[in-house]
Structures are given as C-alpha cells and as structure tokens.
Amino acid sequence: MSTVCWITARGLFGRRRFLLLLPLPVLLVVLAVLSRGLGVPPSSWGPPVLVGLGLAVVLPVVALIVGTGVLGAEIDDGTVVHVLTTPLPRWQIVLPKLAVAAGVTAITVAVPLFVAGLLADSVRLGLALAVAASIGALAYSALFVAASLLTRRPVLLGLVYVLIWEGLLGNVITGTRVLSIQHYVIALADRLAPTNLLETTVSVPVAVVMTALVSIGFTVLAIDRLRAFSVAGETS
Amino acid sequence: MSEPTGVIHDIGYQRYTGLRLGRRHVFGALYLHGVRTAFGLGRSAKAKIFPWLVVGIVIMVAAAVTAISSQIGESIMTYAQFADAMSWLVIFFVAVAAPELVSRDLRSGVLPLYFSRPLPHADYPLAKLLALVTALWLLLGAPQLVMFLGGAFTADGMRAVWDEVLDLLPGLLYAGLWAVVFAAVGLLVASLTGKRAFAAGGIVAVFLMTTPIVGVLSILPSQTANQLAGLASPSTLVQGIGVWTMRDQLITSPEAAGPDIGAFGPAYALAAVALVAACVALLLARYRKVAAR
C-alpha cells in the first residue's frame, strides 16, 4: 500500500471523521429491517428503500463526500502542494486516491445494500446490489475526483449532477438516463439478479459500456488535469 | 545631564466624532450583506454561477408554465404547487447559500471581529437566518410573480385579475413556509463545519435521506403511521401543512391523490413550529460557544 493511499485514508478517517459516513448506511439497514419486521410486502418497500434511498441517495452522496474529499479537500487546504512536489508521476497520485475513494464508498454502500437486498428478496439480489453498487462507486468516484480538479467548487458541481441531472431530469425526461450512473447501476443489478423490484429503461450493454467509459475517461481526465495543475489562492 | 530631545509629532490621528449607529444598523448591515451573499452579488463571477443557475431554472419553469397555460387557456399549476415542484432546486439552493453565509466566516476565523462590534451573540445567527429565509422566499416568490403577471395579462376583466391575486397570496405564504423551514435546518447544518464542501454535502444528505423514510412509513400497515409519515421529512412536513390549510390550492384534480394526513393537520403545524424553534435554539447555542472562545 503506497504512502499516498495511506495519507488519503488517514485524511478521510482521522479524528473520528469516519463517523460522518455512518448515518446514511445505518438508516438504510434500519428501514429495511423495520419494513421486513412489520411484514410489509417487499414489492412495496423494495423500490423506495433499495432504489429511492440506496441507489439514488446513499451511493451518490457518499461517493460525492468521499470522492471530493480525497483530492478536493487537499486542494482547498493548499496541502496538495506537498504531494505534488514529490518526484511521483501524476498518475501515481491520482490512482491511489481514486482507489481509496472507490474502495471506501464501495464498502460503505455495498454492505447495507447487501443486507437490504437479502431482506427484500434473496442472497442473490443482495450480492447483485453489492456488486453493482461497487461498480457504480468506481464510476462516481472517478467522476467526482475529476470534478475536484476541474473546478474549485467540486461539491456543488457534483450536486448539480446528482440532484438536477439524475434526480430531476432523470425522472422527467427519460432520455437523460443514458447519461446517468444511477441507471447503469440499476441495469447491472437487475441483470445480475432479475426481480421486479428494479426497473430502468437503460439496456445492459449500454450500461456496461458507459460505466467503463465514465470510469476510464474521467480517470484519464483527472491525471491530465493534475499534470497541468496550477496552484492558485482562493479568489472568490 | 541633557534635556530629553524627543518630540511627539502630531500626525493627525483623530477620534471618530460622527454619529454612532447602534445595534439595529449592525443587524441591518449584516442582513443585507447576507442576502447579497446568497445570490453572489458584490462578488466574483464564479460565486454567481450556482445561485443564478438555480434562479434561471425556476424563472424558466415559471415562464414555460405561464406560456403553456395561456395557450391552452387553463391553469396547469397553481402558485402553491409551484413551490412543491421546485423542492429539489430549493434543497440545492440551500446547499449553495448556507455554507457561503456561515461556513466562510468560520473558516477564515473572522467571528471575533464580528463580535467585537456592539453585536449581541444572538444577532449574528439571526441576521444570517433572516437573510437565508429572504433569499429562499425571493427564489420561490419571483417565479410566482412571473406566473401572476402572465395570468393577469391574459385574464379578462378586473374580477379575474383579483381572483389571480387571491390565488397568489396563499402561494406566497406557502413559499414563506418553505423558506423558514428549509433555511432553519440548512443553516444549522452549515454552522457545524467551516468546510463549505462538507457543509453542502451534509445539507443535501440531511434533506435527501429523510424523504425515503416518509416513503417507507407511508406503506406501513398502520393507518396512523401513514398519516403521520410526512413528519419525518422537512418537505413533506411543509406539504402536510399546506394540504391542511389550503387544500384546494395544492390538490386541484380529484384523481391526483395528495399526501393523506387525516385529522393530523395541527400536529403537522406543531411539528413545523417545534422543528424551526429547535433549529434556531441550537443555532443560538452554537454561536454562544464560538463567541465565548
């Protein structure tokens, strides 16, 4: 494990900051257990909990906080200079940070989704959701790490994508779902464990190709942007 | 023994002898500055991007709604329904504006400078809160005014215009309710951290994670739980009060089933008052500690 990984992980988790990541996954599990315990049929609690909370809120919000935290926080503090002045190639800075972000997001989201999927239907659905959410975590992390190098306000740019593009437009104009990571994840999970709980209009091949494109494309973009990174003070 | 030869030169330092404006003016200045900050006025173009993006979208939606309803000759969205339809944008605007209002001051450590003025502890958070409420109300109210102008100029006769006014007023009140509840919660979350990025993420997380709770509570087998489900999330809480007080403004077509709140309307109102009061109390407590440090 490289030093960059270690520094990034400590920056994310140090001083009990990891506690901030707990409420969302815990809420997901609590709601799933509550619904199951009170005997509500899974067909009625599955969509709001698994998709409405799990894939539409917990996954993107955790990915946003973690993904912009690994690099954006250092840029904000100005401490990124210490890493940039070491003789490391830029890709060896971006890739470990991306790996930490994707890994942390995947674990934080996949575990509660596995539990919720298990309670909703079967082990297979749980595993499918966990795997699809992990793949989605990678795509989201690549997107948000790249965003933190493109602008000084990465969280707001990410929120525009999550809230306005995926949340508002994705429900009104179904065509925009082709460019929505949330629907790739739903399509993948539905392919791995076909149930009537998950519904999307995006086809599986499109989802696979687009997820790979998003993950690789934004990683390359992030490395390229870090090559030409200019250290500037806060202006606005 | 030589005489001391030092000289004190008069370089023109003077006492301020002008009028000293008191607490009210400090509060007013802070409030006005807060409203301007929320929209990025008086700051660089970069700070204006996100607030004006939201403003642009809501005005565009209002203009589209006005154009369509004047073409087909019937109202497709009441003024109060407009606020409900824009709830995601309101959340985003709070996530943009609240960290700008309070997190920047925490980050740059200027609070001691503020509190060295004749400014009681309570005034700083209250001025910021009032500024955010005003900004949110303007955000929801301005598009309604656009819709009203469109409706008033297509209406025939003064009586129709007066009917539009009677529809607009509850819409504006409802927008005020949205503004108060969302500003109180959002500002409290933002005041907990000096990092704008974390504050924005936290605000969105708080507002978004509560909505699915309502979804689950409203499908539980108990009818009481279903009718009280809306209490779990700020947006459905506000909607519940709206349905209780101005049902005809929010539920226009008989097939569109609004949230069923049963006879718990007063409970919703009480919960909203309690929520806002709790948020304001916590906010005041938060700034008492900063001031003492």
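Parameters at a glance
- Residues numbered from 1 in each chain as written.
- Chains lettered and ligands numbered in written order.
- Predicted model: local features only at pLDDT ≥ 70, side-chain atom pairs only at ≥ 80, totals over all residues.
- Helix = DSSP H or I, 4+ residues; strand = E, 2+ residues; numbered from the N terminus.
- Rg over C-alpha atoms; globule rule 2.2 N^0.38 Å.
- Buried ≥ 20, exposed ≤ 12 C-beta atoms within 10 Å, placed from the backbone.
- Contact = placed C-beta atoms within 7 Å.
- Axes fitted to C-alpha atoms, helices over the stretch in contact; angles between N-to-C directions.
- Parallel < 35°, antiparallel > 145°, perpendicular 65-115°, else oblique.
- Left-handed = near helix turned anticlockwise from the far one by under 90°.
- Nonpolar A, V, L, I, M, F, W, Y, C, P; charged D, E, K, R; others polar.
- UniProt positions renumbered as here; feature names shortened; annotations may be inferred.

Per an unreviewed UniProt entry, chain B is named ABC transporter permease, and its organism is Micromonospora zingiberis.

Chain A carries the name ABC transporter permease in an unreviewed UniProt entry, which gives Micromonospora zingiberis as its organism.

Helix and strand counts for chain B stand at twelve helices and zero strands. Reading chain B from its N end, one meets helices and strands in the order α-α-α-α-α-α-α-α-α-α-α-α. Its C-alpha radius of gyration of 24 Å places chain B more than 25% over the 19 Å reference for a compact globule of 293 residues. For chain B, the spread of C-alpha atoms along the three principal axes comes to 105 × 50 × 30 Å. Expressed as a percentage of its 293 residues, the buried residues of chain B come to 40%. Considering only contacts within chain B whose residues lie at least 6 apart along the sequence, 76% involve residues at least 24 apart.

The next point concerns the overall build of chain A. A count of helices and strands for chain A gives nine helices and zero strands. Starting at the N terminus and walking to the C terminus, you meet the elements of chain A as α-α-α-α-α-α-α-α-α. Its C-alpha atoms give chain A a radius of gyration of 18 Å, near enough to 18 Å, the size a compact globule of 236 residues would have. Dimensions of chain A, computed from the C-alpha atoms along their principal axes, are close to 55 × 40 × 35 Å. Burial status across chain A gives 52% buried among its 236 residues. In chain A, once contacts between residues fewer than 6 apart in sequence are set aside, the share between residues at least 24 apart is 77%.

This part is about the packing of helix H5 (residues 91-120) of chain A against helix H6 (residues 123-150) of chain A. Think of two packed helices as two axes; the pair is described by the angle between the axes and how far apart they sit. Residues and elements named next belong to chain A. Interhelical geometry of H5 versus H6 gives an angle of 150 degrees and a closest axis separation of 7 Å. Judged by the inter-axis angle, H5 sits roughly antiparallel to H6. The handedness of the crossing between H5 and H6 is right-handed. Grouping the amino acids of the contact of H5 with H6 by side-chain chemistry returns 24 nonpolar, five polar and one charged.

It is worth spelling out the UniProt feature "transmembrane region" (unreviewed entry) in chain A at this point. All names here are of chain A. Taking the UniProt record as the reference, the feature "transmembrane region" (unreviewed entry) is found at residues 49-73, 94-119, 125-147, 154-173 and 202-223. Within residues 94-119, the helical portion is 100% and the strand portion 0%, while the C-alpha atoms at the span's ends are 37 Å from each other. The distance from the first to the last C-alpha atom of residues 202-223 is 29 Å, and the span holds 91% helix and 0% strand.

Turning to the environment of Ala97 of chain B, a few remarks are in order. Residues and elements named next belong to chain B. Note that Ala97 resides in helix H4 (residues 87-107). Separated by 94 residues in sequence, Ala97 and Glu3 have C-alpha atoms that sit 64 Å apart. Dropping the residues within four chain positions of it, Ala97 is found in contact with Ala38, Pro51, Leu132 and Ala135.

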